[in-house]
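Read off the chains here:
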Amino acid sequence: MKKPSYTNFPIYEILEDLSSKAGIKIEYEKLPKNVFGKCFNDVRKIIMSDTNVYCSDKDEDGKNNASFILAHEIAHVLVDELYHYNEFDYDNDIVTYKFIDADADKIGGALYNLALMIHERNEMAKFENNKNNEDPK
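Position numbers for residues count from 1 along each chain, tracking the sequence in the order it is written. Only residues with pLDDT of at least 70 get local features here, since the model is predicted, and only at 80 or more are side-chain atom pairs given and counted; chain-wide, interface and lining totals rely on the full set of residues. In computing side-chain properties, one takes all heavy atoms of the structure into account and sets aside hydrogens as well as water.

### Observations concerning the nonpolar core
Remark: nonpolar core denotes a set of buried residues (Ala, Val, Leu, Ile, Met, Phe, Trp, Tyr, Cys) joined through side-chain atoms within 4.5 Å. The classification of residues rests on relative accessible area computed with a 1.4 Å probe and restricted to protein chains. Under 20% of the type maximum is buried, over 50% is exposed, and intermediate values are partly exposed. The biggest cluster of nonpolar side chains holds 23 residues, and the ones touching the most others in it are Tyr12, Leu15, Ile46, Met48 and Leu70. Counting from the N terminus, the helices are the DSSP runs of H or I reaching at least four residues and the strands are the DSSP runs of E reaching at least two. Listing elements by their share of this core, those giving two or more residues are α1 (10-21), β1 (25-29), β3 (45-49), α2 (63-79) and α3 (94-133). No other element matches the 6 residues that α2 contributes to this core. Whether two residues are in contact is decided by their heavy atoms: any pair within 4.5 Å suffices. With residues near it in sequence (within four places) discarded, Leu70 still touches Tyr12, Leu15, Glu16, Ile26, Ile46 and Met48.

The structure is reproduced here in structure tokens:
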């Protein structure tokens, strides 16, 4: 399956690698309207959109938004099982769900920032490597 173009973004690629190393599989499918990612904790799987629904006025190509959504879904896989709520009775357990989603936003934000720091460090290492390999004149 061909991956969507938003996956060709360094932050997203780092998060994908992190997911893989944690045993979390990422698949790409058509998602219902207003659903940007889904996680299935029992099988450690995340589903992201197979098209770029992540575009916005502030993120025209959607790569930053997609990266944050992936980080958010990774966070769900990591922490959802720590909570006890009935995911199938969403209407009656909305408060617990909102707490869980807020935690996924916080942890997802930290994961996104970690991926950004890794990317920046990789870029700095490339720069340093190129600088050290230049011919002295």
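### Describing the sheet that holds strand β2 (residues 37-40)
Any two strands with at least two DSSP-identified bridges between them are counted as paired. The sheet built from 3 strands is open, its strands ordered β1-β3-β2 with mixed pairing. Only two strands of the sheet have a single partner each, and these edge strands are β1 and β2. On average, each strand axis in the sheet is inclined to that of its neighbour by 25°, with strand direction left out of account. Alignment of β1 against β3, held across 5 bridges, turns out to be parallel. Bridging from a neighbouring strand, Glu29 pairs with Ser49 of β3. Comment: axis = line fitted to C-alpha atoms, over the contacting stretch for helices; angle = value between 0 and 180 degrees taken between N-to-C directions. Taken strand by strand, α1 contacts β1 and β3, and its axis lies near 125° from that of β1. Of the strands in this sheet, β1, β2 and β3 touch α2, which is tilted by about 160° from β3.

### A short note on the packing of α2 against α3
Following both chains from N to C, one finds α2 and α3 inclined at 120°, their axes separated by 7 Å at the closest point. With respect to their mutual orientation, α2 and α3 come out oblique. Judged by the twist between their axes, the crossing of α2 over α3 is right-handed. Here Asn64, Ser67, Phe68, Ala71, His72, Ile74, Ala75, His76, Leu78 and Val79 of α2 come into contact with α3, specifically with Ile100, Asp101, Ala104, Asp105, Ile107, Gly108, Gly109, Leu111 and Tyr112. The classification used treats Ala, Val, Leu, Ile, Met, Phe, Trp, Tyr, Cys and Pro as nonpolar, Asp, Glu, Lys and Arg as charged, and all other residues, Gly among them, as polar. A per-class count over the contact of α2 with α3 returns 11 nonpolar, 6 polar and 2 charged. These descriptions rest on fixed angle ranges, namely under 35 degrees for roughly parallel, over 145 for roughly antiparallel, 65 to 115 for roughly perpendicular, and the rest for oblique. It is the rotation of the near helix from the far one that decides the hand of a crossing: anticlockwise by less than a right angle makes it left-handed, clockwise makes it right-handed.

### A closer look at unusual backbone geometry
Positive phi is not limited to glycine here, since Asn34 has a value of about 65°. Counting through the fold element by element, Asn34 comes out in the loop between β1 and β2. Positive phi is not limited to glycine here, since Arg44 has a value of about 50°. Within the element layout of this structure, Arg44 appears in the loop between β2 and β3.

### Observations concerning the environment of Asn113
As for its position among the elements, Asn113 is in helix α3. Accessibility expressed as a relative area gives 42% for Asn113, which makes it partly exposed. The spatial distance from the C-alpha of Asn113 to the C-alpha of Ala71 is 9.6 Å, given a sequence separation of 42 residues.

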